[in-house]
Amino acid sequence: MKYIGKFDPQKDEIVRVMDKDGKIVNPKLAPTISDEEVIKAYSIMNLSRRQDDYQNKMQRQGRLLSFLSSTGQEACEVAYTMVIDPKKDFFVSGYRNNAAWLTMGQSIRNIMLYWAGNEAGAKAPDGVNSLPPNIIIGSQYSQATGIAFSEKYQGKKGVAVTTTGDGGMSEGETYEAMNFAKLHEVPVVFICENNKWAISTPTVQQTKSLNIAIKAIATGIPSIKVDGNDFLASYAVAKEAVEFARSGNGPVLIEFDTYRLGAHSSSDAPDVYRPKSEFEDRVPYEPLVRLKAYMIAKGIWSEEKQTALNEEQDKHIASEFAWVEQNKNYPIEDIFNYQYAELTEDLKDQLAEAKEFFAKYPETKDGGHH
Amino acid sequence: MAVINNIKAVTEALDVAMGLDKNVIVFGEDVGLEGGVFRATQGLQQKYGIERSFNAPISEAMFAGVGLGMAMNGMKPVVELQFQGLGLPALQNVIANISRMRNRSRGKWTAPMVIRMPMGGGIRALEHHSEALEAIFAHIPGIKTVMPSTPYDTKGLILAAIESPDPIIVLEPTKLYRAFKQEVPDGYYTVPIGKGYKIQEGNDLTIVTYGAQTVDCMKAVEMIKSTHPTASIELIDLRSIQPWDKKMVIESVKKTGRLLVVSEAVRSFGVPAEIIATVNENCFDSLKAPLARCTGYDVVIPYDRGEGYHQVNPQKVVEAIKKVLDYKF
Ligand SMILES: Cc1ncc(C[n+]2csc(CCOP(=O)(O)OP(=O)(O)O)c2C)c(N)n1
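Being a predicted model, the structure only gives us computed values, none of them experimental. (Residues numbered from 1 in each chain as written. Chains lettered and ligands numbered in written order. Predicted model: local features only at pLDDT ≥ 70, side-chain atom pairs only at ≥ 80, totals over all residues. Heavy atoms only, no water.)

1. Some thoughts on the overall build of chain B
Alright, step 1. When you go through chain B residue by residue, the secondary structure sums to 12 helices and 14 strands.
Alright, step 2. A globule of 329 residues ought to have a C-alpha radius of gyration of about 20 Å, and chain B, at 20 Å, matches this closely.
Alright, step 3. With respect to the principal axes defined by its C-alpha atoms, chain B has extents near 60 × 40 × 40 Å.
Alright, step 4. Across the 329 residues of chain B, 63% fall into the buried class.
Alright, step 5. In chain B, the proportion of contacts linking residues at least 24 apart, taken out of those at least 6 apart, comes to 82%.
Alright, step 6. Looking at chain B as shown, the accessible area adds up to about 12400 Å², and 55% of this sits on carbon and sulfur atoms.
Alright, step 7. Here chain B contributes 36 positively and 35 negatively charged side chains, and the mean placements of these two sets differ by 3 Å. (Helix = DSSP H or I, 4+ residues; strand = E, 2+ residues; numbered from the N terminus. Rg over C-alpha atoms; globule rule 2.2 N^0.38 Å. Buried < 20%, exposed > 50% of the residue type's maximum accessible area, 1.4 Å probe, protein only. Contact = heavy atoms within 4.5 Å. Areas by Shrake-Rupley, 256 points an atom, 1.4 Å probe, with all protein chains shown as cover. Lys, Arg positive; Asp, Glu negative; His and termini not counted. Charge placed at Lys NZ, Arg CZ, Asp CG, Glu CD.)

Structure (structure tokens):
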């Protein structure tokens, strides 16, 4: 192994391949990855960033609900989902995972439908084992552990990957899940995207641990800290971690050191609680700029290509949103149909009652707010 | 007297209580500097210091347990859960420890603490942010549960909760946080826990409700005048869910002979069922129509596009009122 076990979280060691200008400073740590794959990763990062920006605009116009942007965290999200197989492996997401969802093969259309308030958007397409956004922080760690347990028990070869924030690591359930996962040596990769903030609470008010990675040590799980804004480093470690888990070595925890560039959600204002200087210090390390500089230096990218990509992606995002606006509503049956395998007698009566009411007073459906 | 909204009423209650007693402290996710997601605790850290109003690491089970420990040892913690649906990890401690401490230690240890939580739908929030789970809390012996709807009651009930020797759950309907303002006395006053408030007197029908549905019901009472101009309706805001004002409701139904209970929670096994059962036990001889409820359906609270189907709205209340008033044996 090149990374896991070689970097000591207790000494706060961190895996980094490129500097802030995209220059490779640790060639020995660079992963084997084709230019094509790098370009693909960058395109998804770019798409996710532009989608975040677009959604922010739509949210301010009241056309989408509050949502959680991945802006600033795209490198690690794309990295850790690129190295798994969406058909065979599982991604047990949090709620701030746009770039990861896209990499898994979720459509922009569905993601936007979800943020437009329609649960249909939470359903992943066939062949995409990506769970719906998990709002209850911490519980995704247990679910992923259970999924991984079943993979092992049933002799399948899949790996479960799950992620939470630095704040989420304060939930007892994350520890409880890691403890169980290690006892049973199940193939799960625990991830913490440490973006330094949990709404208005900074990491230093969340834990006195030297870093998040060392939280795994007590459970016996190997852990490693990575520059999560460095795509190459993130990719290298994520790939090794997934292979590690897949080969029967049990769980592993990766802390991605990253930064939330945007607000917590589109309904909060970071200026109130976040020092401006901290934000400005972090901007130069943002992942898109770094990877783009690397690609340009390598001669595989150009400003012309960038412009073309932006245009193509913006067009796609806008046309998908137009579809969502046309199709975001659903019939009343949809709030009843997924409660049980079959509607109970009582629910049939309630549905009939609801239908009768809304046939008579359709305008009251909007409860006066939209 | 100041004219304030519900959020400000929360802040004022905490401010007054903290000013009077240094053992009152508030904590929860983000409550410190920013004042919580709804800004209910804004300014308290600046005024009372970081030891009395602070951000806690995200772990609701711990908030409840630590709060219990503080309360047993002489303090008055006011714990904020960010949202009811996100506070479920705390439920274990509420049920298994907080509610039982007085009983299981035969009165030696008690849990005079307050847990506040925003709840309820209608604010276009994400999944798990719109639950109305008051029935679950009301079902647990050993805690009391209140749900104010007005700024006056919010401040008075929170102060009563802090004063109370028992653990109190304060449910705060998010939809009403900034919905309207009201004149509220400065300084200290309490609203008694367990007492309802009669919004209006009437002789033909008693409507019992609480939280955000008081507003729906007030609108419905106006709307029904167009089809039932002579109907005289008594409207009661329960304010406290457990204990609830049985006396007020029973007396009212004995007078009116009809009852409608309105709550946004899912229908089955809910607070309306309890009220209806109690009225049935006590007022059977006076009844002129079946006891009725207007509630949400028994489904997972839908996300925004479907939420309007599930929410109680004034027209739904109107239909329910008509059914009761027009009932013929
Ligand atoms: C169990 C639970 N408690 C509280 C919340 C409310 N909440 C939503 S996001 C958030 C902050 C989480 O911070 P972090 O884990 O660092 O992740 P980030 O949002 O920064 O990605 C909180 C407290 C929640 N969703 N779930």
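2. Some remarks on the domain arrangement of chain A
Alright, step 1. Here the domain parsing of chain A yields domain 1 (9–327) and domain 2 (332–365).
Alright, step 2. Each of domain 1 of chain A and domain 2 of chain A has a C-alpha centre, and the two are 38 Å apart. (Domains from an automatic or database assignment.)

3. Thoughts on the site of the ligand
Alright, step 1. Around the ligand, a shell composed of 20 residues is seen, among which Arg-96, Ile-135, Gly-168 and Trp-197 of chain A together with Glu-60 of chain B lie nearest.
Alright, step 2. With respect to the ligand, its neighbouring residues span chains A and B.
Alright, step 3. In this structure, Ile-135 of chain A approaches the ligand through a main-chain N or O atom, which is 2.7 Å from a nitrogen atom.
Alright, step 4. Within the backbone of Gly-168 of chain A, a nitrogen or oxygen atom sits 2.7 Å from an oxygen atom of the ligand.
Alright, step 5. Surface burial for the ligand is 96%, taken as the share of its 580 Å² of free accessible area covered by protein chains. (Near = heavy atom within 4 Å. Polar contact = N/O pair within 3.5 Å; in protein donor to acceptor, adjacent residues only side chain to side chain.)

4. Thoughts on helix α9 (residues 287–298) of chain A
Residues and elements named next belong to chain A.
Alright, step 1. Taking 1.5 Å as the rise per residue, α9 with 12 residues should run 16 Å; its terminal C-alpha atoms sit 17 Å apart, in good agreement.
Alright, step 2. Buried residues of α9: Pro-287, Leu-288, Arg-290, Leu-291, Lys-292, Tyr-294 and Met-295, and no others.
Alright, step 3. In the core, the buried residues of α9 are packed alongside α1 (35–60), α2 (74–82), β6 (223–227), α7 (231–249) and α10 (303–327).
Alright, step 4. Its side-chain oxygen 3.1 Å from the backbone nitrogen of Leu-288, Glu-286 forms the N-cap of α9.
Alright, step 5. Of the residues flanking the end of α9, it is Gly-299, one or two places downstream, whose phi is positive at about 80°. (Expected span 1.5 Å × (residues − 1).)

5. With respect to the packing of helix α12 (residues 345–360) of chain A against helix α12 (residues 314–325) of chain B
Alright, step 1. Relative orientation of the contacting elements α12 of chain A and α12 of chain B amounts to 110°, with a least axis distance of 11 Å. Judged by the angle between their axes, α12 of chain A and α12 of chain B are roughly perpendicular. In this structure, α12 of chain A meets α12 of chain B at a crossing whose hand is right-handed. Only Gln-315, Lys-316 and Glu-319 of chain B of α12 of chain B make contact with α12 of chain A, whose side of the interface consists of Phe-357, Phe-358 and Lys-360 of chain A. (Axes fitted to C-alpha atoms, helices over the stretch in contact; angles between N-to-C directions. Parallel < 35°, antiparallel > 145°, perpendicular 65-115°, else oblique. Left-handed = near helix turned anticlockwise from the far one by under 90°.)

6. As for the domain arrangement of chain B
All names here are of chain B.
Alright, step 1. For chain B, the domain assignment lists domain 1 (2–184) and domain 2 (197–325).
Alright, step 2. Listed as interface residues are 27 residues of domain 1 and, on the opposing side, 24 residues of domain 2.
Alright, step 3. Summed over both sides, the interface of domain 1 with domain 2 buries roughly 1900 Å², with 55% coming from carbon and sulfur.
Alright, step 4. Three residues stand out in domain 1 for area buried against domain 2, namely Arg-124, Glu-134 and Met-147, and they jointly supply 23% of the buried area on that side.
Alright, step 5. Linking domain 1 to domain 2 there are two salt bridges.
Alright, step 6. With a closest N to O distance of 3.1 Å, Arg-239 and Asp-153 form a salt bridge.
Alright, step 7. Viewed at the interface, domain 2 and domain 1 are joined by 10 residue pairs in polar contact (both at pLDDT 80 or more).
Alright, step 8. Of the residues in the side of domain 1 that touches domain 2, the class split is 14 nonpolar, six polar and seven charged. (Buried area = accessible area lost by both parts, 1.4 Å probe. Salt bridge = Lys/Arg side-chain N within 4 Å of Asp/Glu carboxyl O. Nonpolar A, V, L, I, M, F, W, Y, C, P; charged D, E, K, R; others polar.)

7. Section: the packing of aromatic side chains
Residues and elements named next belong to chain A.
Alright, step 1. Summed over the entire model, instances satisfying the criterion amount to 23 aromatic pairs over all chains.
Alright, step 2. Ring geometry for Phe-67 versus Trp-115: centroids 6.1 Å apart, planes at 50°, classification tilted. Of this pair, Phe-67 sits in the loop between α1 and α2 while Trp-115 sits in helix α4 (residues 108–115), and the two are 48 residues apart along the sequence.
Alright, step 3. For Phe-67, a relative accessible area of 1% translates into the label buried.
Alright, step 4. Accessibility expressed as a relative area gives 1% for Trp-115, which makes it buried. (Phe/Tyr/Trp six-rings, centres within 6.5 Å; stacked < 30°, edge-to-face > 60°.)

8. Considerations on the nonpolar core
Alright, step 1. Core analysis: the largest hydrophobic core is formed by 110 residues, its most contacted members being Val-15, Trp-115, Val-161, Val-189, Phe-231, Ile-254 and Leu-291 of chain A.
Alright, step 2. Those residues in contact with Leu-291 of chain A that lie beyond four places of it in its chain are Met-18, Val-38, Tyr-42, Met-45 and Phe-231 of chain A.
Alright, step 3. Ala-90, Leu-91, Val-94 and Val-208 of chain B belong to the second-largest nonpolar core, a separate cluster that totals 48 residues. (Core = buried A, V, L, I, M, F, W, Y, C linked by side-chain atoms within 4.5 Å.)

9. Some details on unusual backbone geometry
Alright, step 1. In this chain, Gln-242 of chain B is followed by Pro-243 of chain B through a cis amide linkage whose omega measures 0°.
Alright, step 2. Relative to the assigned elements, Pro-243 of chain B resides in the loop between β12 (240–242) and α9 (246–256).
Alright, step 3. Even without a glycine there, the phi angle at Ile-199 of chain A is positive, about 45°.
Alright, step 4. Inspection of the secondary structure puts Ile-199 of chain A in the loop between β4 (197–198) and β5 (201–202).

10. Concerning the sheet that holds β12 of chain B
Within a sheet, adjacent strands bond to each other through the backbone by hydrogen bonds, running parallel or antiparallel.
Residue and element names in this part refer to chain B.
Alright, step 1. On the basis of which strands lie adjacent, the open sheet formed by seven strands has the order β3-β2-β4-β5-β7-β6-β12 and mixed pairing. Here the strands that pair on one side only, and so sit at the sheet edges, are β3 (53–55) and β12. The sheet shows a mean angle of 20° between the axes of neighbouring strands, taken without regard to direction.
Alright, step 2. Pairing geometry for strand β6 (residues 144–146) and strand β7 (residues 168–173), over three bridges, is parallel. By the bridge assignment for β7, Val-146 is matched with Val-170. (Pairing = 2+ DSSP bridges.)

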